[in-house]
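Analysis of the macromolecular model
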Amino acid sequence: MQKSTKTRIERIFHNTDYRRVFKEIGIAFREQGDSLWFNCIYPRHKESKPSTSITFDPYSEYCGIFHCFGCKRSGTIVDIIREKYHNSFWEALLWLEARLDYDGFIYDYNIKNNIKKIEKITLPEEFTSPPTLEEWPTKYRNYIKKRNISHYHTLKYNIGYCSEGKYRNMIIIPVTLGNNLVTWIGRHVNRKIITGPKNGGQGLFGSNYLIKPKEYPAILVEGWADKIRMENFGYDNVMSIQTNKLSENQFNFLLGKNFPYIVVIPDNDSGGKVLIDSLQKYIEYIPIYIGKIESKDPGESTEEELDYVMENLEEWNPTCEEKEIDVEY
Ligand SMILES: [Zn+2]
């Protein structure tokens, strides 16, 4: 179901922003050529002058690999994260994966001379995302737990918070289009305040973890918490659009992934109807099915209700009248 581990690791090695990761985990470094030099990460090798180097040139086969010239130990960026947070290999992998391209730093390492630049979006300077929820201050942890979001999701989607600065008291949810960070959502922990860069409608929360998109449909919901709820119920390829209009950017991304069809589960309100209407211009390109819920939104639905909705989808039509359609999963 997941990409092979080797591909995932290579993707991490070649796409990590090493300077930023080192800053985040508090490793002081000196840059020289294509390498960062820093003090040995292993506690048993105490040193005052950096004798470890890691290559960050994405075109080098050694990218992401470090070597200590003092104690002669080598390893990878994954080992550095493990040593720092005492976490498992998989946790370290997810930690790094969640940070890929988080500074708008994007290129395809296979296409050497065709580096794609995207609009640079950065998370707030004070953004932080400790690797385990136990390390989160109570108010932020409670906000997350109340929505059934686990440590696994915060790692996977790099969800964090700002405890100081302009976005103090806010949970920060990065929104990507594929692997590119295109915007983020700030949710105040106890007030109804939503903020973020004016890039709404550009990203699809969850689009960085798609499973066999040529076989399984894209499932679109309006909110990021709705997406996580459906993911918890076992639905893959659920993405949230954050608004009630599917933008051309979002649609083009979905079209490029060759999904067999798209399922849209709008909120059960007037905004949801606007969303359904906004889909009309896309139906000539790909079949679109609508899942109608009785609850307020998918985030409030039970697993049984969502299963029922997914088994009783209706093909998009202007009025969305009751119509029996057999859909295979
Ligand atoms: Zn060493």
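The structure displayed is predicted, hence computed values, not measured ones.

What counts and what doesn't
Residues numbered from 1 in each chain as written. Predicted model: local features only at pLDDT ≥ 70, side-chain atom pairs only at ≥ 80, totals over all residues. Helix = DSSP H or I, 4+ residues; strand = E, 2+ residues; numbered from the N terminus. Buried ≥ 20, exposed ≤ 12 C-beta atoms within 10 Å, placed from the backbone. Pairing = 2+ DSSP bridges. Axes fitted to C-alpha atoms, helices over the stretch in contact; angles between N-to-C directions. Parallel < 35°, antiparallel > 145°, perpendicular 65-115°, else oblique. Contact = placed C-beta atoms within 7 Å. Core = buried A, V, L, I, M, F, W, Y, C linked by C-beta atoms within 7 Å. pLDDT = per-residue confidence, 0-100. Arc of directions from axis to C-beta.

**Quick word on the overall build of the protein**
Secondary structure assignment for the protein yields 10 helices and 15 strands. Taking all 329 residues of the protein together, 36% fall into the buried category.

**Quick notes on the sheet that holds strand 3 (residues 52-55)**
In space, the 5 strands of this open sheet follow the order 1-2-3-4-5, with antiparallel pairing throughout. Every other strand in the sheet has two partners, leaving strand 1 (30-32) and strand 5 (74-76) as the edge strands with one partner each. Direction aside, the axes of adjacent strands within the sheet are offset by 25° on average. The pairing of strand 2 (residues 35-38) with strand 3 spans 4 bridges and is classified as antiparallel. Opposite S35, over in strand 3, you have T55 as the bridge partner.

**With respect to the sheet that holds strand 15 (residues 314-315)**
On the basis of which strands lie adjacent, the open sheet formed by 5 strands has the order 12-11-13-14-15 and mixed pairing. The open sheet has two edge strands with one neighbour each: strand 12 (238-240) and strand 15. Strand direction decides the pairing type here: strand 14 (residues 288-290) and strand 15, joined by 2 bridges, are antiparallel. Residue pairing for strand 15: Y289 is matched across the bridge by E315.

**Describing the packing of helix 3 (residues 77-85) against helix 4 (residues 89-98)**
One way to put it is that helix 3 packs onto helix 4 with a least axis distance of 9 Å and a crossing angle of 110°. In this view, helix 3 runs roughly perpendicular relative to helix 4, as classed from their interaxial angle. Of helix 4, the residues touching helix 3 (which contributes I77, V78, I81 and R82) are F89, A92, L93, W95 and L96.

**Here's the deal with the nonpolar core**
Across soluble globular proteins, nonpolar side chains show a tendency to be buried alongside one another. The biggest cluster of nonpolar side chains holds 52 residues, and the ones touching the most others in it are I171, I172, I173, I219, L220, I262 and V264. Looking at this core, the element that brings in the most residues is strand 8 (residues 170-177), giving 6 residues. Those residues within four positions of I262 in sequence are excluded, and the remaining contacts are P217, A218, L220, L254, I286 and I288. Residues V21, C63, L94 and L100 belong to the second largest nonpolar core, which totals 19 residues.

**Here's the deal with unusual backbone geometry**
Positive phi outside glycine occurs at H86, with the angle close to 50°. Position of H86 among the secondary structure elements: in the loop between helix 3 and helix 4. In this structure, N258 is a non-glycine residue whose phi angle is positive, near 60°. Classification of N258 by C-beta neighbours within 10 Å gives exposed; the count is 10.

**Brief notes about the pairing of strand 8**
A large share of strand 8 lies buried, amounting to 8 of its 8 residues. Burial along strand 8 is two-sided: M170, I172, P174 and T176 facing one way and I171, I173, V175 and L177 facing the other are all buried. As judged from the 3 bridges shared by strand 7 (residues 160-162) and strand 8, these two strands associate in the antiparallel manner. Opposite Y161, over in strand 8, you have I171 as the bridge partner. The pairing of strand 8 with strand 9 (residues 180-188) spans 8 bridges and is classified as antiparallel. Within strand 9, the position partnered with T176 by the bridge is L181.

**Examining the confidence of the model for the protein**
With 87% of its residues at a pLDDT of 70 or more, the protein shows a mean pLDDT of 84. Note on residues 102-118: pLDDT is under 50 here. Beyond four places in sequence and across chains, it has 27 contacts.

**Side note on the environment of G75**
With respect to the secondary-structure elements, G75 resides in strand 5. In the structure, G75 is positioned 21 residues away from I54 in sequence and 9.3 Å away in space, judged by C-alpha atoms. Each residue touching G75, except ones within four places of it in the same chain, is listed here: F66 and I80.

**Quick notes on helix 8 (residues 248-256)**
Within helix 8 the residues assigned to the buried category are Q250, F251 and L254. The arc that holds every buried residue of helix 8, seen down its axis, measures 95°, which confines them to one face. Away from its buried face by more than 90 degrees, helix 8 exposes E248 and G256. Turning to helix 8, the residues buried within the fold contact strand 11 (218-221) and strand 13 (262-265).

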